[in-house]
Amino acid sequence: MSGNERKVAVVTGAARGIGLACAQRLSAAGYAVALADQPGPALEQAVQALRAQGRQALALAGDVSDHGAVQAQGQYVLAQWGHVDALVNNAGISQPKTLLEISEAEWDRTIAVNLKGYFNWCKALAPAMLARRSGRIVNISSVSANTGAAPSAVSKFAYCSAKAGVLGMTRGLAKELAPAVAVNAICPGSIRTDLTEQLIQSRQDDIVRTIPLGRIGTPMDVAVVVEFLVTVEPNYMTGEVIDVDGGQWVN
Ligand code: NAD
């Protein structure tokens with residue numbers, strides 16, 4: 001690998017929220033960034049905004065739960081830019097239903113996006129990372145993986161199950177893909193995004209009281225830690241899980 005070679009990152013769920021902040025941050029750090037998200041104006045605008053700043057960016061429109069489509073998108077990025085240095089698995093959906101309310105289809109969809117989507121992208125890009133003997137994968141999980149959803153949280157047990165699965169995947173792949181590829185996870189706490197806006201608006205003071213750092217998190221609070229895991233040199237971390245939650249779940 002030459003020192004001047006372009007760095008490349010793929011970020012899923014990058015049209016808004018935490019994923020968008022990750023794409024912006026890695027782009028500002030000099031990465032060419034492929035933004036994967038559902039088709040629509042938000043994805044196009046995110047890509048155009050980066051290009052308008054003279055950065056290299058491309059849109060990968062599709063559903064992360066579609067295995068075949070994700071493999072094709074991975075091949076497309078590799079064909080465009082030659083290699084991928086970093087994968088940020090972030091695309092996720094909330095699941096507010098309890099066990100007594102949820103249908104089989106809703107359970108399947110929660111797992112398909114929040115867990116299988118991460119598998120799909122690891123499967124698409126890890127072979128090229130291994131062949132190049134270099135790569136970083138960062139998986140966005142949630143504090144709910146460790147704590148179960150708080151009574152006030154939007155999501156319930158199915159989301160927690162998928163997010164706990166992401167931690168198992170992170171630790172399993174950290175061992176399987178070592179030493180070439182480092183695989184770490186981040187567990188955000190209460191971060192203000194479209195996913196959580198309604199809940200935060202209705203319970204902001206209650207939520208802030210549970211956070212030692214005294215404020216709701218921002219997408220950039222997570223993105224700076226993603227950037228650290230993607231770029232830190234020398235790197236001596238893999239299979240690690242970092243809480244980015246303002247101390248909310250300190251126990
Ligand atoms: P968000 O809803 O603002 O953004 C999620 C993005 O993922 C959206 O752009 C959406 O279109 C995309 N997406 C959803 N399903 C997709 C699919 N099937 N295929 C492709 N793209 C898809 O949410 P956010 O708050 O930015 O969350 C990002 C990640 O962080 C999620 O994995 C979420 O579970 C996790 N997280 C968020 C919080 C929080 O407080 N916001 C806390 C813990 C964990």
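Note that the structure is a prediction, hence the values are computed from the model and not measured. (Residues numbered from 1 in each chain as written. Predicted model: local features only at pLDDT ≥ 70, side-chain atom pairs only at ≥ 80, totals over all residues. Heavy atoms only, no water.)

Undergrad: Please provide a residue-by-residue account of the packing of aromatic side chains, values included.
TA: A complete count under the given rule lists 1 aromatic pair for this structure. Centroid distance Trp107 to Phe157: 5.8 Å. Interplanar angle 20 degrees. Geometry classified as stacked. Of this pair, Trp107 sits in helix α4 (residues 104–132) while Phe157 sits in helix α6 (residues 157–177), placing them 50 residues apart in sequence. (Phe/Tyr/Trp six-rings, centres within 6.5 Å; stacked < 30°, edge-to-face > 60°. Helix = DSSP H or I, 4+ residues; strand = E, 2+ residues; numbered from the N terminus.)

Undergrad: Could you give an account of the site of the ligand, with specific residues and numbers?
TA: Neighbouring the ligand are 30 residues, the closest being Arg16, Asp37, Asn90, Tyr159 and Thr193. Contact between the ligand and Asn90: an oxygen atom at 2.7 Å from a main-chain N or O atom of the residue. In the model, an oxygen atom of the ligand is placed 2.6 Å from a nitrogen or oxygen of the Thr193 side chain. Its free accessible area being 830 Å², the ligand has 95% of it covered by the protein chains. Listing elements by their share of the shell around the ligand, those giving two or more residues are α1 (17–28), α4 and α6. No other element matches α4, which puts 3 residues into the shell around the ligand. A per-class count over the shell around the ligand returns 12 nonpolar, 12 polar and 6 charged. (Near = heavy atom within 4 Å. Polar contact = N/O pair within 3.5 Å; in protein donor to acceptor, adjacent residues only side chain to side chain. Areas by Shrake-Rupley, 256 points an atom, 1.4 Å probe, with all protein chains shown as cover. Nonpolar A, V, L, I, M, F, W, Y, C, P; charged D, E, K, R; others polar.)

Undergrad: Could you give an account of helix α2 (residues 41–52), naming the residues involved and the relevant values?
TA: Because an α-helix completes one turn every 3.6 residues, residues spaced three or four positions apart along the sequence face the same direction. Look at α2: 16 Å from first C-alpha to last across 12 residues, which is about the 16 Å you get at 1.5 Å a residue. Within the sequence span of α2, burial applies to Leu43, Ala46, Val47 and Leu50. Along the axis of α2, the buried residues cluster in a sector spanning 90 degrees; they form a single face. Among the exposed residues of α2, those pointing more than 90 degrees away from its buried face are Pro41, Gln45 and Ala52. On its buried face, α2 is in contact with α1, β2 (31–37) and β3 (57–61). Within two residues after α2, Gly54 carries a phi angle of roughly 80 degrees, on the positive side. (Expected span 1.5 Å × (residues − 1). Buried < 20%, exposed > 50% of the residue type's maximum accessible area, 1.4 Å probe, protein only. Arc of directions from axis to C-beta. Contact = heavy atoms within 4.5 Å.)

Undergrad: Just give me the short version of the pairing of β2, but keep the residues and values in it.
TA: Across the 7 residues that make up β2, a large majority, 7, are buried. One ladder, built from 6 bridges, connects strand β1 (residues 7–12) with β2; its direction is parallel. Bridging across to β2, Ala9 finds its partner in Val33. Crossover connection from β1 via α1 to parallel β2: handedness right-handed. Pairing between β2 and β3: 5 bridges, direction parallel. Residue pairing in the sheet places Ala36 in a bridge with Leu60 of β3. A crossover links β2 with its parallel partner β3, the connecting element being α2, and its sense is right-handed. (Pairing = 2+ DSSP bridges. Right-handed = clockwise from strand over helix to strand, strands pointing away.)

Undergrad: Provide a residue-level description of the nonpolar core, including the pertinent values.
TA: Ranked by size, the top nonpolar core spans 62 residues in total, and within it Val10, Leu35, Val77, Trp121, Ile186 and Val226 carry the most contacts. Not counting residues within four places of it along the chain, the set of residues in contact with Trp121 comprises Val10, Thr12, Ala36, Leu60, Val64, Val70, Gln73, Gly74, Leu87 and Asn89. Judged by nonpolar contacts, the second largest core, of 6 residues, contains Val143, Ala145, Leu167 and Ala185. (Core = buried A, V, L, I, M, F, W, Y, C linked by side-chain atoms within 4.5 Å.)

Undergrad: I'd like to hear about the sheet that holds β2, residue by residue, with values.
TA: Strands sit in the order β3-β2-β1-β4-β5-β6-β7 across an open sheet of 7 strands; the sheet is parallel. The two strands at the open ends of the sheet, each matched to only one other strand, are β3 and β7 (241–244). The sheet shows a mean angle of 20 degrees between the axes of neighbouring strands, direction not considered. Strand direction decides the pairing type here: strand β4 (residues 86–89) and strand β5 (residues 135–140), joined by 4 bridges, are parallel. Opposite Ala86, over in β5, you have Arg136 as the bridge partner. Along the sheet, α2 makes contact with β2 and β3, crossing β3 at roughly 170 degrees. The sheet strands contacting α6 are β5, β6 (181–188) and β7, and the helix crosses β6 at an angle near 160 degrees. (Axes fitted to C-alpha atoms, helices over the stretch in contact; angles between N-to-C directions.)

Undergrad: Could you give me a rundown of the side chain of Thr110, with the residues and numbers involved?
TA: Looking at the element boundaries, Thr110 is found in helix α4. Of the polar contacts made by the side chain of Thr110, one reaches the side chain of Gln95; its length is 3.3 Å. Setting aside chain neighbours within four positions, we find Thr110 in contact with Ile93, Gln95, Leu115, Ala158, Tyr159 and Ala162.

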